Amino acid sequence: MSSSSLLLSSNCCLVTKNGFPRFRPNQLDKSSVFMSSISVGCRIADVDDYKPTNAFLFPGQGAQAVGMGAEAQKVPAAAELYKRANEIMGFDLLDVCISGPKEKLDSTVLSQPAIYVTSLAAVEILRAREGGQQIIDSVDVACGLSLGEYTALAFAGAFSFDDGLKLVKLRGEAMQDAADAAKSAMVSIIGLDSDKVQKLCDAANEEVDEANKVQIANFLCPGNYAVSGGVKGIEAVEAKAKSFKARMTVRLAVAGAFHTSFMNPAVSRLEATLGATEIRTPRIPVISNVDAQPHADPDTIKKILATQVTSPVQWETTIKTLLTKGLKKSYELGPGKVIAGVVKRMDRGAEIENIGA
């Protein structure tokens, strides 16, 4: 482990009543929150009685934009993440982030690593500003939208920045290959509640064969749900949407039907890589997209990450739970402001700040 890593002795962590390790402040190396090493003795059974106060929220695929990463070059610790990423990726990822072209950055194999790195660079940008470290220290829960779950786990010390990037790189490649194996797509349905979107899917499924079935793949927020499935099924959804009183549909610029069984070929590849990756108990709760619950057991986290690509994203439940449990403030770290918009849609009075890079 490098000198920039957290250096923690075997008795360094305190375990709170909710089962997640908390560190004594004087034993933290503030320069590298992503590289924490947590002792095996801190492994605790899964729990869900966490009490959120301040949350870090990390974006998923689709948040990327040409030019991201430029601001990060002004902060040495953030710029260093891109240098390490370039070594791991084997090419100049920063150049793609800053210069594009957009079509290249939008590809699944590149956008996922790019967002992961840029989001963690945003943490370093926050750390460098006055009072930033105090904000980071106050964060007691993290979550991320789909890909963002990996970023949240890296921030929480479940794995190193380098290992997380290798996982995300493999995830993007595996999802792209799975998408290439079948004609599939995703579409956002705007203006309907989840029950009506489900009925819309049912109606579309009556008109297509098994290979083109559709389902809700992302429960983003009230009035905005993404549907995934075969291309013919997606076209049927688009054709029927107005008759179900949807305000609009938006075909998503993704490779295929993410978060459905169309991604099954990616699961075994993820399982193999996750099995060879050291995953530790997160130092704070990280909420899973699969069941909207935090998990402290490393083996459980590995299983969830492997199946996450085929499971619907429970983002609406995640945010609703955080707000219900008393969340006071949240920060969206990384490119775009999609998450801030979702949080505000669910609670106009919610306090959320965007930290870009």
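It should be noted that the structure appears before, not after, this text.
Attention in this report is confined to the structure presented alongside it. (Residues numbered from 1 in each chain as written. Predicted model: local features only at pLDDT ≥ 70, side-chain atom pairs only at ≥ 80, totals over all residues. Heavy atoms only, no water.)

### Side note on the nonpolar core
Here is step 1: Core analysis: the biggest nonpolar cluster contains 70 residues, and F56, Y116, V117, F155, F159 and L333 have the highest contact counts within it.
Here is step 2: Counting residues per element, this core draws most heavily on helix α4 (residues 108-128), which supplies eleven residues.
Here is step 3: L333 has contacts with F56, L57, F58, P59, S119, A122, V123, L126 and I355, leaving out every residue within four places of it along the chain.
Here is step 4: Among the nonpolar cores identified, the runner-up in size contains 20 residues, and C143, L145, I287 and A350 belong to it. (Core = buried A, V, L, I, M, F, W, Y, C linked by side-chain atoms within 4.5 Å. Buried < 20%, exposed > 50% of the residue type's maximum accessible area, 1.4 Å probe, protein only. Helix = DSSP H or I, 4+ residues; strand = E, 2+ residues; numbered from the N terminus. Contact = heavy atoms within 4.5 Å.)

### A closer look at the packing of aromatic side chains
Here is step 1: Following the criterion strictly, the structure yields six aromatic pairs and no others.
Here is step 2: Ring geometry for F219 versus Y225: centroids 5.9 Å apart, planes at 75°, classification edge-to-face.
Here is step 3: Judged by relative accessible area, Y225 falls into the buried class, the value being 2%.
Here is step 4: An aromatic cluster is defined as three or more aromatic residues linked by ring pairs; in this entry it consists of F56, F58, F155 and Y331.
Here is step 5: It is R283 that lies over the ring of F155; its NZ or CZ is 4.7 Å from the centre.
Here is step 6: Directly above the ring of Y50 sits K325, whose terminal nitrogen or CZ lies 4.7 Å from the centroid. (Phe/Tyr/Trp six-rings, centres within 6.5 Å; stacked < 30°, edge-to-face > 60°. Lys NZ or Arg CZ within 6 Å of the ring centre and 35° of its normal.)

### Thoughts on the environment of G164
Here is step 1: Of note, G164 is situated in helix α7 (residues 161-180).
Here is step 2: The spatial distance from the C-alpha of G164 to the C-alpha of Y150 is 6.7 Å, given a sequence separation of 14 residues.
Here is step 3: Among residues more than four places away in sequence, those in contact with G164 are Y116 and F159.

### Structural notes on the packing of helix α10 (residues 264-275) against helix α11 (residues 298-307)
Here is step 1: Packing of α10 against α11 brings their axes to within 8 Å, and their N-to-C directions diverge by 155°. When the axis of α10 is compared with that of α11, the two are roughly antiparallel. Judged by the sense of rotation from one axis to the other, the crossing of α10 with α11 is right-handed. Contacts between α10 and α11 involve V267, L270, E271, L274 and G275 from the first element and K302, L305 and A306 from the second.
Here is step 2: Class assignment for the residues of the contact of α10 with α11 results in five nonpolar, one polar and two charged. (Axes fitted to C-alpha atoms, helices over the stretch in contact; angles between N-to-C directions. Parallel < 35°, antiparallel > 145°, perpendicular 65-115°, else oblique. Left-handed = near helix turned anticlockwise from the far one by under 90°. Nonpolar A, V, L, I, M, F, W, Y, C, P; charged D, E, K, R; others polar.)

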